[in-house]
Amino acid sequence: MDFFQYRDGQLFCEDVAVDDIMAKVGSPVYIYSKATFERHYDALVEAFAELDPIICYSIKSCGNLNIVKLLADRGSGMDAVSGGEVYRAQLAGADMSKVVYAGVGKTDPEIEASIEAGIGWFNIESEAEFENIAAIAEHMGKTANGALRVNPDVYDAKTHAKTTTGKKETKFGVDIERAKRFFQSYGHNKHCRLTAIHLHIGSPIYSPDPYVQAITKALELIDGLRAEGYTVDTIDIGGGYAADYESGKSPAYTAYAEAIVPLLRGKDLQLIIEPGRTISGNAGVLACKVSYIKTGGSKTFAIVDTGMHHLIRPSFYEGFHFAWPTKVSAEHVPDKRAKEMDLPGLKTYDVVGPICETSDTLAHGRALPPLKRGVGLCFFTAGAYGMVMASNYNTMQRPPEILVDGANATVIRRRETYDDLVEQEREVTAV
Ligand SMILES: Cc1ncc(COP(=O)(O)O)c(C=O)c1O
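Here goes a summary of the coordinates provided. (Residues numbered from 1 in each chain as written. Predicted model: local features only at pLDDT ≥ 70, side-chain atom pairs only at ≥ 80, totals over all residues.)

## What to know about the site of the ligand
Then, number 1: The ligand sits among 17 residues. The nearest are Ser58, Ser203, Gly239, Glu274 and Gly276.
Then, number 2: Here the shell around the ligand is built from residues that sort into five nonpolar, nine polar and three charged. (Near = placed C-beta within 6 Å. Nonpolar A, V, L, I, M, F, W, Y, C, P; charged D, E, K, R; others polar.)

## Quick notes on the nonpolar core
Then, number 1: Residues Ile31, Val99, Ile197, Ala323 and Cys378 are the most contacted members of the largest nonpolar core, which totals 118 residues.
Then, number 2: At seven residues, the largest contribution of residues to this core is made by helix α8 (residues 209-227).
Then, number 3: Both domain 1 (4-32 + 281-424) and domain 2 (34-277) contribute no fewer than three residues apiece to this core.
Then, number 4: Setting aside its immediate chain neighbours within four residues, Ile31 contacts Cys13, Val18, Ile21, Gly284, Val285, Ala287, Ile402 and Val404. (Core = buried A, V, L, I, M, F, W, Y, C linked by C-beta atoms within 7 Å. Buried ≥ 20, exposed ≤ 12 C-beta atoms within 10 Å, placed from the backbone. Helix = DSSP H or I, 4+ residues; strand = E, 2+ residues; numbered from the N terminus. Domains from an automatic or database assignment. Contact = placed C-beta atoms within 7 Å.)

## Focus on the sheet that holds strand β3 (residues 16-17)
Then, number 1: Ordered by their spatial adjacency, three strands build an open sheet running β1-β2-β3, and the pairing between neighbours is antiparallel. Each of the sheet's edge strands pairs with one partner strand only, and the pair in question is β1 (4-7) and β3.
Then, number 2: Here strand β2 (residues 10-13) pairs with β3 via two bridges, running antiparallel. In the strand pairing of β3, Cys13 is matched with Val16. (Pairing = 2+ DSSP bridges.)

## So, unusual backbone geometry
Keep in mind that most residues, glycine aside, have a negative phi and that most peptide bonds are trans.
Then, number 1: For the bond running from Ser27 to Pro28, omega is 0°, close enough to zero to count as cis.
Then, number 2: Here Pro28 shows up in the loop between α1 (18-25) and β4 (29-33).
Then, number 3: Residue Pro204 is reached from Ser203 by a cis peptide bond, and omega for that bond is -10°.
Then, number 4: One can find Pro204 in the loop between β11 (192-198) and α8.
Then, number 5: You will see that Asp8, though not glycine, has its phi angle at about 50°, which is positive.
Then, number 6: Residue Asp8 is classed as exposed on the basis of its 8 C-beta neighbours within 10 Å.
Then, number 7: Located in the positive-phi region is Glu14, a residue other than glycine, with phi close to 50°.
Then, number 8: By secondary structure assignment, the location of Glu14 is in the loop between β2 and β3.

## Structural notes on the pairing of strand β14 (residues 284-296)
Then, number 1: Summarising the sheet, β4 and β14 pair through four bridges and their orientation is antiparallel. Note on β14: the bridge partner recorded for Ile31 is Val285.
Then, number 2: Judged from the four bridges that link them, β14 and strand β19 (residues 376-379) form a sheet pairing that is antiparallel. From the neighbouring strand, Leu286 faces β19, where its bridge partner is Phe379.
Then, number 3: For β14 and strand β15 (residues 299-304), the ladder comprises six bridges, and the chain directions are antiparallel. Pairing of Val290 across the sheet is with Val304, part of β15.
Then, number 4: A loop of two residues connects β14 with β15, the two strands running antiparallel in sequence, and Gly297 in this loop sits at a positive phi of about 60°.

Treat this as a map of the structure, not an account of what it does.
As structure tokens, then:
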């Protein structure tokens, strides 16, 4: 699962106490475990080994350059969704031929830079976009590769409405029924070789079944396209594999692989997968301090020095993050991470941040060991869509990021200063 464990009542990331990191760099702070990133990446490679997939880590989930580099050095390709992410992949030394680039609104400069960088595939989101990419490639005297993003119209009942993408009514991809016509129009284009199918059905997906449904539909499409003489040599099945937000709720990588691999065996297709949170989610935590305890009506609030500006998932997606103090008595060492904890002497809190929004609530009605001002509190499984979605709302600094490797902790992004926050506003120029 991950390398955040309690030892004698104290939370450790690998061999470093979370409280020791906070004592050195202050609070709040994102802390990542290198061994967890590596374990998750390696376990995925192993689970899907029979198909020798290209694993394209989803940079958007946790994009610190040092983390992208860590995974690139391990052989990972990258899933990018902007020119900025393609740039990060380049800076990290990723193999650009293993970079896929999705997103409905790619701009001309982003497309040009990506062709120049030699990325593997553009995930094509519309007819208009295909024509634009092909025209830019022709103008540059280069050839791009395209994977048509199809919308297989499946979804997982547990996926939040804001993160489902595999349904027809989303802005992503083209309806699967339109895919044949797409190939009839563009399948023999010389400037953008359309030889792949891309799917991404949303996230997190807590069961292999929606993947099975989507891949089955895609394979029917590929058979039909091949019968009409089009080359389709690659299938990209996207990301969305769950992280362990709660103990024991997510399928193991082997469960996804056992369902998916037989479908693709012997199909003569290069498999691409785009995991984000399943690699990075459990590899990071957000540690903070309790600033104040106060009551309001029947509620007790624990006000902490972090909030929706640092971890927006609870406010934005109703995302659950297990929260627990960084130091506890023996009876409060958690035996699992769950919404309901069956331990003696717990008190119920709403854990809220300092932002001037009622939605700045990180945990509602959560039973926790008794809290008081100054104690450390940790939000688990915060590695994915944590720091990358953090903002400076209310002119708050974003936290530093620390990468732990065994007994060593390294600052991989320093804490912002107030000067950082106003830097780009100091110089005013005429337009
Ligand atoms: C196209 C695409 N691929 C991969 C991912 C990664 O999803 P996850 O982090 O849930 O694996 C996303 C997430 O939005 C996506 O849009």
